[in-house]
Amino acid sequence: QVRLVESGGGLVQPGGSLRLSCAASGSILSINAMGWYRQAPGKQRELVAAITSGGSINYADSVKGRFTISRDNAKNTVYLQMNSLKPEDTATYYCNADSVVTPVHYGMDYWGKGTLVIVSS
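Residues numbered from 1 in each chain as written. Predicted model: local features only at pLDDT ≥ 70, side-chain atom pairs only at ≥ 80, totals over all residues. Heavy atoms only, no water.

Of note, Cys95 is situated in strand β9 (residues 91-101). Distance from Cys95 to Asn58, taken between C-alpha atoms, is 15 Å for residues 37 residues apart in sequence. With sequence-adjacent residues up to four places away left out, Cys95 is seen in contact with Leu4, Glu6, Cys22, Met34, Gly35, Trp36, Val78, Tyr110, Trp111 and Gly112. (Helix = DSSP H or I, 4+ residues; strand = E, 2+ residues; numbered from the N terminus. Contact = heavy atoms within 4.5 Å.)

It is worth spelling out a nonpolar patch on the surface at this point. A contiguous nonpolar patch, built from Leu11, Leu116 and Ile118 and spanning about 280 Å² of accessible area, is present on the exposed surface. Here Leu116 lies in strand β11 (residues 115-119). (Patch = residues over 30% accessible without salt bridge, like charges linked within 9 Å, V, L, I, M, F, W, Y side chains within 5 Å. Areas by Shrake-Rupley, 256 points an atom, 1.4 Å probe, with all protein chains shown as cover. Salt bridge = Lys/Arg side-chain N within 4 Å of Asp/Glu carboxyl O.)

Before going further, it helps to examine the pairing of strand β8 (residues 77-82). Among the 6 residues of β8, 5 are classified as buried, and the element is accordingly described as predominantly covered. Bridging between strand β3 (residues 18-25) and β8 involves 6 bridges; their strand directions are antiparallel. Considered in β8, the bridge of Leu18 is made with Met82. Strand direction decides the pairing type here: strand β7 (residues 67-72) and β8, joined by 6 bridges, are antiparallel. Looking at β8, one finds that Thr68 is bridged to Gln81. (Buried < 20%, exposed > 50% of the residue type's maximum accessible area, 1.4 Å probe, protein only. Pairing = 2+ DSSP bridges.)

Right, let's talk about the environment of Gly9 for a bit. Along the polypeptide, Gly9 turns up in the loop between β1 (3-7) and β2 (10-12). Judged by relative accessible area, Gly9 falls into the partly exposed class, the value being 32%. The spatial distance from the C-alpha of Gly9 to the C-alpha of Leu20 is 6.3 Å, given a sequence separation of 11 residues.

The next point concerns unusual backbone geometry. If you check the backbone angles, Asn76 has positive phi at about 50 degrees while not being a glycine. For Asn76, the location among the structural elements is in the loop between β7 and β8. The residue Ser99 is not glycine, and still its phi comes out positive at about 55 degrees. With respect to the helices, strands and loops of the structure, Ser99 is situated in strand β9. Judged by its relative accessible area of 28%, Ser99 is partly exposed.

Printed below as a string of structure tokens:
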């Protein structure tokens, strides 16, 4: 069984920074892409940033220049450095592992339970 555990959320003032972490555990042979999604109250879940095992990165336009995604393939861990936070960044942030290969399954997607980020003065 693959498990994703996020950490690093919290309350921060506008203009502040937070760093989210997500560690994938279990009998993992490989993970294609890892990423962060967010869902604000009353809105659909949206992609924030994603990074492949080869280092290709995709950002939502709304976070370009402010957020940085990185990944440690050896630790199956993905990070999201969030700077210059705005109130509109307030949401629950979910970690995703895409196309995970284990000894039992091939190509499964997994999600973390989410970590809440609140940007408010």
